[in-house]
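The residues making up each chain are set out below.
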Amino acid sequence: MSGATPPFPPRHKGEIPVTELLAKASRSLLEVWGEEMFRNSGTTLEVLGQRLIIFNRPAAIEAVLVTQAESFAAKPPQLSKLLAPLMGQGLFIAEGARWRARRPLTTAAMAELADGLDAVIAAWAAQWAARPEGDTIELIGAMEQVSAEMLLRLLFGPAGDAAAAAQIMRLAHAYRAKISGAGLITLMALPDPLVRLRLGGDAKRIRAVVAPLIARARKAGSGLIAALPADAAAEEVISLFGMGHDALSGLLAATWFLLAEAPEVEAALHAELDSGAEDRPMTRAVLREALRLYPPVPLIARVAGRATQVPGMAVPQGSLAFVSPWLVHRHADHWEAPDEFRPARFLPGAPAPAPFTYLPFGLGPRGCVGEAFTLRAAEQALATLARRFRLARLPGRAPIPTAGLTLSLALRLPMRLTRRTG
Ligand code: HEM
């Protein structure tokens, strides 16, 4: 049950000039990795006077993200500059005392969330059931909408309806479009006030749509938002939606795409779902493998706050430190047939991945706060929808994934919807 090699962008060989590297980065952050980086133990580059270190060795990854997380506590100022107009000082970019205060509050609120995903997913199943057999579904847009609805349910409870989800999503897209691709590089070079000017309008519109939802949810005491203190609520809700939405929808879209490419895996998944078993190891393995091959957050970035030594490398103060799930998940030393879609590697009984080689949700104190929610929501959505429906790719070229801050399989991906059972 293996074999399919899903598409990935071409990899250059040998060193390339910095100008070419920057041109590639502005097209897609998945294009910057050369062939040898999928085999080596790390890379150091000087780009525009800044030292960049890409950590590939498990012991070094452990040091940067876990054991020496204090020395690598800060995210690059460029990242905060792009996200602060939208997220304020929300959890993802908060640092120091504010982060230490907010993280346990948010973690606790996530753990207490009320159920309600069933209703969102059932409504989607009903929508698909109402479509004619063989109808075309645009996968990326559909998974963005279902993810927005699930997240709004988490954040606001019943106050987060489908219409609000669609509106917030449209505005979030406008924001994302400005900070992805070429915009990412240009914006990094601009002074802060100009960046705020370019992004501030979209951020303000998103806050205006979210404000009444927050008020309603707090009054009703529903959703995660009601469990956060009032001063944190607005910032955190936008931060959580901003962090979670692209990633969750990216995971779901990648999973459907991969299933359509691998009929044997699809058949094994269907067998599990048809059995009606409550435990679904194959469903989880498919999702974990989709997270390995197409990690929605393909790059984790930090700044070395002090000079330090990590296994195999001295790190000067101020270096930009990168750990790339995209790179580590496809590294020849850590994975057999790294570019192949083989969910069996995550089935019970298979050897566990080597420590610090599988990190779709990051690791250490700043690892993803939405991991448990994501895995539950994605498993539930896939199990419910894939039991009843198949999505098949339409003829045409396979998409080539790209990445700005998050990975995107394609802008649009039409698929053919068919029913499995009456
Ligand atoms: C497939 C889905 C997801 C993936 C792959 C993912 C991945 C990640 C990764 C890699 C990080 C660490 C970033 C770093 O170390 O710089 C992170 C952090 C974070 N994620 Fe997720 N995420 C997902 C879904 C979500 C969801 C659904 C939410 C919210 C409901 C969320 C909220 C956050 C927040 C707030 C942080 C920052 C935590 C902190 O700095 O303390 N994520 N995520």
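Residues numbered from 1 in each chain as written. Predicted model: local features only at pLDDT ≥ 70, side-chain atom pairs only at ≥ 80, totals over all residues. Heavy atoms only, no water.

Enquirer: I keep staring at the coordination of the iron atom of the ligand and nothing clicks. Help me out?
Expert: For a metal bound by four donors in a tetrahedral arrangement, the ideal donor-metal-donor angle is 109.5 degrees, while six donors in an octahedral arrangement ideally sit at 90 or 180 degrees. Of the protein atoms, Cys368 (SG) alone serves as a donor to the iron atom of the ligand, at 2.3 Å. Looking at where cysteine 368 falls in the secondary structure, it is placed in the loop between α13 (325-328) and α14 (371-388). (Donors = N, O, S within 2.8 Å, 3.2 Å for Na, K, Ca; no water. Helix = DSSP H or I, 4+ residues; strand = E, 2+ residues; numbered from the N terminus.)

Enquirer: I tried to follow the site of the ligand on my own but got confused; where do I start?
Expert: Around the ligand sit 29 residues in total, of which Trp99, Arg103, Arg302, Arg366 and Cys368 are the nearest. Interatomic distance of 2.8 Å between a side-chain N/O atom of arginine 103 and an oxygen atom of the ligand. Mapped by element, the contributors of at least two residues to the shell around the ligand are α4 (96-111), α6 (139-156), α10 (230-261), β4 (300-303) and α14. Per-element tally for the shell around the ligand: the top contributor is α10, with 6 residues. Within the shell around the ligand, the residues separate by chemical class into 20 nonpolar, 5 polar and 4 charged. (Near = heavy atom within 4 Å. Polar contact = N/O pair within 3.5 Å; in protein donor to acceptor, adjacent residues only side chain to side chain. Nonpolar A, V, L, I, M, F, W, Y, C, P; charged D, E, K, R; others polar.)

Enquirer: Looking at this structure, I do not really get the pairing of β4. What am I missing?
Expert: Residues Ile300 and Arg302 of β4 are buried on one face, and the alternating residues Ala301 and Val303, pointing to the opposite face, are buried as well. In this structure, β4 lies alongside strand β7 (residues 320-323), joined through 4 bridges in antiparallel fashion. By the bridge assignment, alanine 301 is partnered in β7 with phenylalanine 322. (Buried < 20%, exposed > 50% of the residue type's maximum accessible area, 1.4 Å probe, protein only. Pairing = 2+ DSSP bridges.)

Enquirer: Would you mind showing me how to read empty space enclosed by the protein here?
Expert: Any empty space left between atoms is shown by rolling a water-sized probe over those atoms. Enumeration according to the criterion identifies 2 cavities of 30 Å³ or more in this entry. One number sums up the size of the largest cavity: a volume of about 40 Å³. The wall of the largest cavity is formed by Leu152, Leu155, Phe156, Ile168, Val210, Val237, Ile238 and Phe241. Elements supplying a minimum of two residues to the lining of the largest cavity: α6 and α10. Among the residues forming the lining of the largest cavity, the class breakdown is 8 nonpolar, no polar and no charged. Residue lining of the second largest cavity: Trp256, Leu259, Glu266, His270, Ala386, Phe389, Arg390 and Leu391, and that is the complete set. When residues of the lining of the second largest cavity are traced back to their parent elements, those giving at least two are α10, α11 (263-275) and β8 (389-393). Ranked by the residues each element gives to the lining of the second largest cavity, the list is headed by β8, at 3 residues. (1 Å grid on protein atoms, 1.4 Å probe; cavity = no way out; pocket = protein on both sides within 12 Å on 5 of 7 lines; lining within 4 Å. Points joined across faces, edges and corners; volume = space filled by probe spheres on them.)

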